[in-house]
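# Understanding the architecture of this molecule
Each chain is listed here by its residues.
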Amino acid sequence: MLPVVFFFHGAYGDYRLFLEDDEAKGLIAKSDFIGVFLSSNGDLWQLEGSSVESDIAFFQAVLSDLREVDLADLFRVFAIGFSNGGVMATTVAQELSYFSGIATINGHLRETQLQRALSQSLTVIQITGALDTTIPADGGVGFDGERYASAEVSAEYWSTQLSCNEEKSSLDIPWGDYVVNDRVFFECQSDHRVVSRTIEDVGHVRRLEGDAQLITFIWSMLRKQ
């Protein structure tokens, strides 16, 4: 059986954002996981379910359909979300208990999410461009008018909710053509971890240049669960 990875695109995009990604296609071709590429119900992922049907209900329906797929290991379900898709991933992780791990790419927590308790144990990989102003790396009002916590506060939320006991901070780590700062929280519930990687001199981007393989790095962290 194979783990299942849901991919959530950013605002004003659709499933093709990740479906056409060479790294994602390569990992699927090697049978690392089953990829599920969804499109939102509108320009943004609908998270509240007030005026339109919630995309969270849509996610649940797709997950239910996957029970008919013999190769799908529904005890190892993951999500990777970019920008507004990262908000979708974190919201589902807070409201439901399906994920073994999630990764956000420039899509950390809204301030309102800091008040919600987490109902499951999971691994969290958070990737942030240090110069991002679309979903501000340092916190503040984002592109959608919502207030976002900083990437640092978001990582600390996850570490607190997961009762992590140890933190290792590293500075100036080379990653291909980039320099990154990693904060890694260990000894979390059920042997999970929280990894917050900030990429210097990068804004709100999903693809990187050269040898810095973003999806490959994320999957190398998530697959350990």
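For the structure, check the block above.
Scope of this entry: the structure provided in the associated data block. (Residues numbered from 1 in each chain as written. Predicted model: local features only at pLDDT ≥ 70, side-chain atom pairs only at ≥ 80, totals over all residues. Heavy atoms only, no water.)

## Focus: the state of the cysteines
To keep it simple, the criterion reads: Cysteine sulfurs are considered disulfide-paired once they come within 2.5 Å of each other. By the criteria applied, helices consist of DSSP H or I runs no shorter than four residues and strands consist of E runs no shorter than two, each listed in order from the N terminus. For every residue, the accessible area obtained with a 1.4 Å probe (protein chains only) is divided by the maximum for its type, and the residue is called buried under 20%, exposed over 50%, and partly exposed between those limits.
Under the definition given, this model contains 1 disulfide. Across the disulfide, C164 is cross-linked to C188 (sulfur-sulfur distance 2.0 Å). Residues C164 and C188 are joined through a disulfide that is right-handed, its torsion about the S-S bond being 105 degrees. Of this pair, C164 sits in the loop between α5 (151-161) and β8 (166-175) while C188 is found in the loop between β9 (178-186) and β10 (194-199), placing the two residues 24 residues apart along the sequence. Comparing C164 with C188 shows no difference in burial state: the two are buried.

## Examining the packing of aromatic side chains
Inclusion rule: Ring pairs shown here join Phe, Tyr and Trp side chains whose ring centres sit within 6.5 Å, with only the six-membered ring taken for Trp; geometry is labelled stacked below 30 degrees between planes, edge-to-face above 60, and tilted in between.
Per the stated rule, a full pass over the model turns up 13 aromatic pairs. Ring centres of F8 and F59 lie 6.3 Å apart, and the angle between their planes is 65 degrees; this geometry places the pair in the edge-to-face category. Placement of the pair is F8 in strand β1 (residues 2-8) and F59 in helix α3 (residues 55-65), with a sequence separation of 51 residues. Each of the two residues, F8 as well as F59, counts as buried. Plain terms: the ring middles of F78 and W219 are 5.4 Å apart, the flat faces sit at 90 degrees to each other, and that makes the pair edge-to-face.

## Section: the pattern of salt bridges
Stated formally: Counted as salt bridges are all cases of a side-chain nitrogen of Lys or Arg within 4 Å of a carboxyl oxygen of Asp or Glu.
Throughout the structure, instances matching the rule amount to 11 salt bridges. In this structure, D32 engages R223 in a salt bridge whose closest nitrogen and oxygen atoms are separated by 3.0 Å. With D32 in the loop between α2 (22-29) and β2 (34-38) and R223 in the segment after α6 (214-222), this pair connects stretches of sequence that are 191 residues apart. Exposure remark for R223: the relative accessible area of 42% places this residue in the partly exposed category. A salt bridge links D182 to R197; the shortest N-O distance between them is 2.8 Å. Of this pair, D182 sits in strand β9 while R197 sits in strand β10, and the two are 15 residues apart along the sequence. With respect to burial, D182 and R197 carry one shared label: buried.

## Topic: the packing of α2 against α6
Let me state the cut-off plainly: Axes here refer to lines fitted to C-alpha atoms; in helices the fit is confined to the stretch in contact. Angles between the N-to-C directions go from 0 to 180 degrees. Here the word oblique covers every angle except those under 35 degrees (roughly parallel), over 145 (roughly antiparallel) and from 65 to 115 (roughly perpendicular). In what follows, residue pairs with any heavy atoms lying within 4.5 Å of each other are defined as contacts. The nonpolar class holds Ala, Val, Leu, Ile, Met, Phe, Trp, Tyr, Cys and Pro. Asp, Glu, Lys and Arg form the charged class, and all remaining residues, Gly among them, are polar.
Interaxial distance between α2 and α6 falls to 8 Å at its minimum, and their mutual angle equals 45 degrees. Regarding the angle of α2 to α6, the classification is oblique. On the side of α2, the interface is formed by E23, A24 and L27, while α6 contributes L214, I215, T216 and W219. The residue inventory of the contact of α2 with α6, partitioned by class, reads 5 nonpolar, 1 polar and 1 charged.

## Notes on the environment of E68
Here E68 shows up in the loop between α3 and β3 (72-82). A C-alpha to C-alpha distance of 35 Å links E68 and A155, two positions 87 residues apart in sequence.

## Things to note about empty space enclosed by the protein
What counts, and what does not: Here a cavity denotes grid points, spaced 1 Å and computed from the protein atoms alone, that fit a 1.4 Å probe unable to get out, and a pocket denotes an open set having protein on both sides within 12 Å along at least 5 of 7 lines; residues with an atom within 4 Å of a point are the lining. Grid points are joined across faces, edges and corners, and a volume is the space filled by probe spheres set on the points.
A complete count under the given rule lists 1 cavity of 30 Å³ or more for this structure. What lines the largest cavity is I105, N106, I127, T128, G129, I199, V202, V205, R206, L208 and L214. With 3 residues, strand β5 (residues 123-129) is the single largest residue contributor to the lining of the largest cavity. Taken together, the residues of the lining of the largest cavity sort by class into 7 nonpolar, 3 polar and 1 charged.

## Focus on the side chain of R206
Stated formally: As used in this structure description, the phrase polar contact means that two N or O atoms lie within 3.5 Å; if the pair is within protein, one of them must be able to donate a hydrogen and the other to accept it, and residues adjacent in sequence are counted only when both atoms belong to side chains.
Counting through the fold element by element, R206 comes out in the loop between β10 and α6. Exposure remark for R206: the relative accessible area of 7% places this residue in the buried category. Separated by 3.1 Å, the side chain of R206 and the backbone oxygen of L17 make a polar contact. Contacts of R206, omitting those with residues within four sequence positions, involve L17, F18, D21, F82, I105 and L214.

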